[in-house]
Amino acid sequence: MAALCIALAAPVLADPSTPPAALAYTQLRDPAQEATAKALMETLRCLVCQGQSIADSDASLAGDMRSLVRERIAKGENPASIRAWLIQRYGDYVTYDPPLSAVTWPLWLAPIVLLAVGALLARQSFRRRPR
Amino acid sequence: MGRGMKRWMLWLPLAVFALLFAVVAAGLFRPADRTVRSAMIGKPIPNFTLPGMVPGKPGLATATLTAGRPHLVNVFASWCVPCIAEAPQLMRLKAMGVPIEGIAIRDTREDLLGFLRRNGDPYERIGDDQRSAVQVALGSSGVPESFVVDGAGTIVLQHVGDIRAEDVDDIAAAVRNAK
């Protein structure tokens with residue numbers, strides 16, 4: 001009975017059946033442009049599977065965003081302006097390269113502070129036990 | 001370093017551990033909200049023109065949303081399961097006199113017609129967004145999502161996820177107040 005139920009059960013489709021966007025899985029012809037696009041895609045967050053970049057994700061929205069990035073790069077737009085356009089839509093959350101702001105300054109400052117503390121500790125322990 | 005200082009330093013790792021433990025425990029009991037909200041609230045609706053995809057129903061363009069009447073713009077798809085749950089609430093909003101415009105994400109005509117036949121059709125217009133371009137321009141990250149747009153075309157509210165029975169009155173009020 002269980003086997004029959006499984007055999008008869010129709011899968012619930014929760015993904016579009018439409019084909020992916022033209023440049024979702026196709027590289028740009030110009031290798032330099034493709035490299036620029038790829039570098040940008042790796043720093044943009046997939047908004048569906050939030051731990052991944054759009055370069056890594058197979059979500060249909062990520063595919064559409066890759067296509068958008070490649071189309072705009074092919075038209076000669078620079079990566080910074082594409083990133084700014086997306087930040088305007090989704091906020092800083094969309095980028096893995098967060099701009100320095102009131103909320104993000106600890107991210108930028110913490111490594112420097114930690115390095116300084118480390119250097120201080122190292123200096124003191126070397127001074128204590130000189131060779 | 002003095003003796004007192006050294007004794008104090010002895011407790012430092014434990015204190016740091018306790019602090020880290022507290023941070024992690026707080027995250028465990030009160031997980032962060034992972035909803036991606038649009039940054040377009042309070043901004044004018046972006047410029048777009050989407051063709052129609054259902055016979056007898058026009059597509060959707062910015063001009064419709066800036067013509068002086070507030071609207072509820074519903075981003076949906078026939079392949080989206082929560083959209084089925086949301087459909088009766090949209091029918092209720094329509095019955096309350098809320099003008100509803102649809103943006104169909106990556107849909108086919110046949111699938112969409114079947115969806116409207118099964119779940120009802122609350123839409124005045126449905127725009128065909130094959131490449132999620134308008135969805136991204138709106139700062140929407142999934143289906144279903146709904147935006148209240150005032151008569152001048154400014155986005156005043158975003159509802160992420162399906163509109164439930166308890167949300168209907170608030171959304172109807174937001175559209176009424178969005179003159």
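Analysis parameters
Residues numbered from 1 in each chain as written. Chains lettered and ligands numbered in written order. Predicted model: local features only at pLDDT ≥ 70, side-chain atom pairs only at ≥ 80, totals over all residues. Heavy atoms only, no water. UniProt positions renumbered as here; feature names shortened; annotations may be inferred. Helix = DSSP H or I, 4+ residues; strand = E, 2+ residues; numbered from the N terminus. Polar contact = N/O pair within 3.5 Å; in protein donor to acceptor, adjacent residues only side chain to side chain. Contact = heavy atoms within 4.5 Å. Salt bridge = Lys/Arg side-chain N within 4 Å of Asp/Glu carboxyl O. Buried < 20%, exposed > 50% of the residue type's maximum accessible area, 1.4 Å probe, protein only.

Chain A is annotated in an unreviewed UniProt entry as Cytochrome c-type biogenesis protein of Sphingomonas oligophenolica. The Function (unreviewed entry) field of the UniProt record for chain A holds the comment "Possible subunit of a heme lyase." On record in UniProt, under Sequence similarities (unreviewed entry), the comment for chain A is "Belongs to the CcmH/CycL/Ccl2/NrfF family."

**Q** Tell me what's going on with the UniProt feature "transmembrane region" (unreviewed entry) in chain A, and back it up with residues and numbers.
**A** According to UniProt, the feature "transmembrane region" (unreviewed entry) maps to residues 105-122 of chain A in the numbering used here. Split by type, residues 105-122 of chain A is 100% helix and 0% strand. Its first and last C-alpha atoms lie 26 Å apart.

**Q** Hey, could you go over the side chain of B:His159 for me, with residue numbers and the actual values?
**A** Residue and element names in this part refer to chain B. As for its placement among the helices and strands, His159 is situated in strand β7 (residues 155-160). A distance of 3.2 Å separates a polar atom in the side chain of His159 from the backbone oxygen of Asp162. Leaving out residues up to four positions away in the same chain, His159 has contacts with Glu145, Ser146, Asp167 and Ile171.

**Q** Tell me about the pattern of salt bridges, and please be specific about residues and values.
**A** Under the definition given, this model contains 10 salt bridges over all chains. Here A:Arg70 ties to A:Glu34 by a salt bridge, and the two come within 3.0 Å at their closest N and O atoms. With a gap of 36 residues between them, A:Arg70 in helix α3 (residues 60-74) and A:Glu34 in helix α2 (residues 31-41) connect regions that are remote in the sequence. Each member of the pair A:Arg70 and A:Glu34 is classed as buried. Across the pair B:Lys57 and B:Asp121 runs a salt bridge whose closest N-O atoms are separated by 3.0 Å. Pair noted here: B:Lys57 is in the loop between β1 (49-50) and β2 (60-61) and B:Asp121 is in the loop between α5 (109-119) and β5 (123-129), with a separation of 64 residues, a long-range link.

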